[in-house]
Amino acid sequence: MQDLIARLLYLLATLVGALPAPLQRGIASAVATLGRITGSRESRVALRNLELAYPELSTDERRALQRAILRMTALQTLETLRFWTRPHARNLAALREQHGVGLFDAALASGRGLIVVAPHHGNWELLNQWLAARTPISILYRAPDSAIGEAFLRLVRAGGPDRVRQVRAEGPAVRQLWKTLKDGGVVGILPDQQPKAGDGVFAPFFGMPALTMTLVSRLAERTGAEVLFAWCERIGDGPDFALRIETAPDGIADTDPQRAAAALNAGVEHIARRDPAQYQWTYKRYKARPSGSGDDNPYLDLERRR
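First, a word on what this report is: a plain description of the structure on this page. Keep in mind the model is a prediction, meaning the values are calculated, not measured.

Some thoughts on the pattern of salt bridges
Pairs can form between side chains of opposite charge once their charged atoms are near each other. For the structure on display, the rule yields 13 salt bridges. Here Lys 179 ties to Asp 183 by a salt bridge, and the two come within 3.0 Å at their closest N and O atoms. Across this residue pair, the class does not change: Lys 179 and Asp 183 are exposed. The closest approach of N and O atoms between Glu 269 and Arg 273, which form a salt bridge, is 2.9 Å. By relative accessible area, which is 40% here, Arg 273 ends up partly exposed. Within the structure, one salt-bridge network assembled from shared partners comprises Glu 97, Glu 233, Arg 244 and Arg 274.

Structural data, given as structure tokens:
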């Protein structure tokens, strides 16, 4: 039954994704405006994150950036439905620029294994499709609470036979990813989600301590795999994107988890600062606070308003 419902959702996604790009942009603007007027969860969280990460901005500047973030978030969702339900080769034509592909090819050819760190910036689903077109890849993901939601994700993220292996972010995941890297394969990891207790350390992110995963550094240090940052950022207001690949900051594989996490966050912050409106600021990145710091969950008052 869940597979049938997932296929019905796929059909709905196909219909929405087929809307003309100008109409999608109009819908995104309307959704963003409605979110601000009604004080949606995404609107409130985005503004709180901007208060924490950009204290130097004026109130008006933060409000303007909040509007841009909400619009980009809605547009990214609509564009993702399009990318999920169209042939990948057609989607990849939206990549008008490609930078750093030589770094990717060289890392792949080395046979040492490759960790692709993909922050929530621009459209990461388009990046997944580019990666799958180049090589088989194991992608770490956090499974939805709903079995239907997971069935839908597996359906839309399939990259053809044996091209995309989706690895649930739970117990056996580290073993599976380690084996992939030792065999010279490629692993994709979203680095900026809050890990479970015990799976991360606090490191600076936009000047604020944020609970940060140690998985990337552990895998890199133990396997000798190369680490590259990759993202697809939107160019202008149209459905055009630039693929960018860069080397990871020094220290990403440091044996000291604090230093490694700081390097990881520095890489993510560097990308997010390129165009803050394209970064996923609607996520509660600072919810966990260091033990004994006396800091409270900065989203607590927002949660009470639900």
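Side note on the pairing of strand β5 (residues 186-189)
Side chains of β5 alternate between two faces, with Val 186 and Gly 188 and Val 187 and Ile 189 buried alike. The sheet contact formed by strand β2 (residues 114-117) and β5 spans four bridges and is parallel. Opposite Leu 114, over in β5, you have Val 186 as the bridge partner.

A closer look at the nonpolar core
Judged by nonpolar contacts, the single largest core of 44 residues is most densely connected at Ile 115, Ile 189, Val 216, Phe 229, Trp 281 and Tyr 286. In this structure, Ile 115 is in contact with Leu 181, Val 187, Ile 189, Val 216, Leu 219, Ala 220, Ala 225, Glu 226, Val 227 and Leu 228, ignoring residues within four places of it in sequence. Residues Ala 94, Leu 126, Leu 127 and Ile 137 belong to the second largest nonpolar core, which totals 23 residues.

Side note on the sheet that holds β2
A sheet is described by the order of its strands in space; here seven strands give the open sequence β1-β9-β8-β2-β5-β3-β4, paired in mixed fashion. The sheet is open, and its two edges are formed by β1 (95-99) and β4 (164-168), each paired on a single side. Put simply, the sheet's adjacent strands are angled 25° from each other on average, direction ignored. Both strand β3 (residues 137-141) and β4 contribute to a ladder of five bridges, which runs parallel. Residue Ser 138 lies in a different strand from β4, and its bridge partner there is Arg 165. Against the sheet, helix α9 (residues 173-182) engages β2, β3, β4 and β5, with an angle of about 145° to β4.

Side note on the packing of helix α1 (residues 2-17) against helix α8 (residues 147-156)
Relative to each other, α1 and α8 sit at 60°, their axes nearing to 8 Å. Put simply, α1 runs oblique to α8. Crossing hand, α1 versus α8: right-handed. Across the interface between the two elements, Gln 2, Asp 3, Ile 5, Ala 6, Arg 7, Leu 9, Tyr 10 and Ala 13 of α1 pack against Ala 147, Ile 148, Ala 151, Phe 152, Leu 155 and Val 156 of α8.

Notes on the layout of surface pockets
Picture a little ball the size of a water molecule; that probe, rolled over the atoms, points out where space is still empty. Considered as a void within the structure, the largest pocket measures approximately 1,200 Å³ in volume. Breaking the lining of the largest pocket down by element, the ones donating at least two residues are α3 (41-53), α4 (59-84), α7 (124-134), β3, α9 and α10 (215-223). Residue contributions to the lining of the largest pocket peak at seven residues, all from α4. Of the residues that constitute the lining of the largest pocket, the class distribution is 21 nonpolar, twelve polar and ten charged.

Focus on the packing of aromatic side chains
This model, assessed by the stated rule, comprises eleven aromatic pairs. Linked through ring pairs, Tyr 54, Phe 205, Phe 206, Tyr 279, Trp 281 and Tyr 286 together constitute an aromatic cluster. A cation over a ring is seen here: Arg 285 above Phe 205, with NZ or CZ 5.5 Å from the ring centre.

Brief notes about unusual backbone geometry
Backbone geometry at Phe 206 places phi at a positive 55°, although glycine is not the residue there. Counting through the fold element by element, Phe 206 comes out in the loop between β6 (200-205) and β7 (208-213). The class for Phe 206 is buried, based on a relative accessible area of 5%.

Basis of the calculations
Residues numbered from 1 in each chain as written. Predicted model: local features only at pLDDT ≥ 70, side-chain atom pairs only at ≥ 80, totals over all residues. Heavy atoms only, no water. Salt bridge = Lys/Arg side-chain N within 4 Å of Asp/Glu carboxyl O. Buried < 20%, exposed > 50% of the residue type's maximum accessible area, 1.4 Å probe, protein only. Helix = DSSP H or I, 4+ residues; strand = E, 2+ residues; numbered from the N terminus. Pairing = 2+ DSSP bridges. Core = buried A, V, L, I, M, F, W, Y, C linked by side-chain atoms within 4.5 Å. Contact = heavy atoms within 4.5 Å. Axes fitted to C-alpha atoms, helices over the stretch in contact; angles between N-to-C directions. Parallel < 35°, antiparallel > 145°, perpendicular 65-115°, else oblique. Left-handed = near helix turned anticlockwise from the far one by under 90°. 1 Å grid on protein atoms, 1.4 Å probe; cavity = no way out; pocket = protein on both sides within 12 Å on 5 of 7 lines; lining within 4 Å. Points joined across faces, edges and corners; volume = space filled by probe spheres on them. Nonpolar A, V, L, I, M, F, W, Y, C, P; charged D, E, K, R; others polar. Phe/Tyr/Trp six-rings, centres within 6.5 Å; stacked < 30°, edge-to-face > 60°. Lys NZ or Arg CZ within 6 Å of the ring centre and 35° of its normal.

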